[in-house]
Amino acid sequence: TKDLRIVPGLYKVFDEVLVNALDQHTRLSDKKVDHPMKQIRVSACTSTGEISVWNDGMGIDVVEHPDQKCWVPEMIFGKLLTSTNYDKGEKRFTGGKNGYGAKLANIFAKEFTVETVDSVRGKKYKQTWKDNMKIVGKPKITSFKSKPYTKITWIPDYARFGLSGLTEGMYKVIER
C-alpha cells in the first residue's frame, strides 16, 4: 500500500459533481423515462489538470427559467441560491441541498463547462465560465437530434488549493 495525499476541498468539489450525476440516476430510477441513465464516465488528465464527469441520463431542460430569467443549465451551475433541491423527502444518493454542490466546482475553477442534451426539445446546450465564475461565457444552443447526456468539464484553480496541478494522490482517488 502507498499513502496518498489529497486536498479535502478539491476532493469535495469533485465529489459534488459526481454525486449530482448519481442523484439524477437515483431520482429517476423508479420513474419510467425515455432515457434512463446507464453509465457515468469520469476522466482526469494529469498533464492539463482537466476533470470531467459524463452521464447518459435525461439531460437538463434547455429552457429559460420563468423566475430567474436565465437558461436552466446556467441557473443550476452558475447562479447561487437557485436550487430546487430542498425536498427532504426526495430520494437522493448522498447529495446536498441549497444549490451549492457543483457550483462550488465552478467557483473554484479556472475553467468550467456544462454541456447537456435535452432530447425532449432537441437542443444541445454548452456554456463555459472562467476565472472562478468571474467570466461568464454566452450559452451556445444548437439543434441536436441524438441521445441525451450531460458532461461537466473543469480545470480546478489548483493554486487556491495550494497545488500546482492534479496530484498523483488526487488522480488515484478520481481513478478509483
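Our structure's up above, just so we're on the same page.
Since this is a predicted model, take the numbers as computed values, not measurements. (Residues numbered from 1 in each chain as written. Predicted model: local features only at pLDDT ≥ 70, side-chain atom pairs only at ≥ 80, totals over all residues. Heavy atoms only, no water.)

**Some remarks on the overall build of the protein chain**
Phase 1 of the analysis: Helices and strands together make up the secondary structure of the protein chain, namely four helices and seven strands.
Phase 2 of the analysis: Here the protein chain holds 176 residues, and the buried ones make up 42% of them.
Phase 3 of the analysis: Within the protein chain, residue pairs in contact and separated by at least 24 positions form 62% of the contacts whose partners lie at least 6 positions apart.
Phase 4 of the analysis: Element-wise, carbon and sulfur atoms account for 50% of the exposed surface of the protein chain, whose accessible area totals about 10,200 Å². (Helix = DSSP H or I, 4+ residues; strand = E, 2+ residues; numbered from the N terminus. Buried < 20%, exposed > 50% of the residue type's maximum accessible area, 1.4 Å probe, protein only. Contact = heavy atoms within 4.5 Å. Areas by Shrake-Rupley, 256 points an atom, 1.4 Å probe, with all protein chains shown as cover.)

**Concerning helix α4 (residues 168-175)**
Phase 1 of the analysis: Turning to α4, its buried residues are Gly 169, Met 170 and Ile 174. Viewed along the axis of α4, the buried residues span an arc of 135°, placing them on a single side of the element. (Arc of directions from axis to C-beta.)

**Points about the packing of aromatic side chains**
Phase 1 of the analysis: A complete count under the given rule lists six aromatic pairs for this structure.
Phase 2 of the analysis: Here the aromatic rings of Trp 71 and Tyr 125 are separated by 6.5 Å at their centres, their planes lie at 55°, and the arrangement is tilted. Remark: Tyr 125 occurs in strand β4 (residues 123-130) and Trp 71 occurs in the loop between β2 (51-55) and α2 (72-78); sequence separation between them is 54 residues.
Phase 3 of the analysis: The exposure class of Trp 71 is partly exposed, given its relative accessible area of 24%.
Phase 4 of the analysis: Among the residues examined, Tyr 125 registers a relative accessible area of 0% and is labelled buried. (Phe/Tyr/Trp six-rings, centres within 6.5 Å; stacked < 30°, edge-to-face > 60°.)

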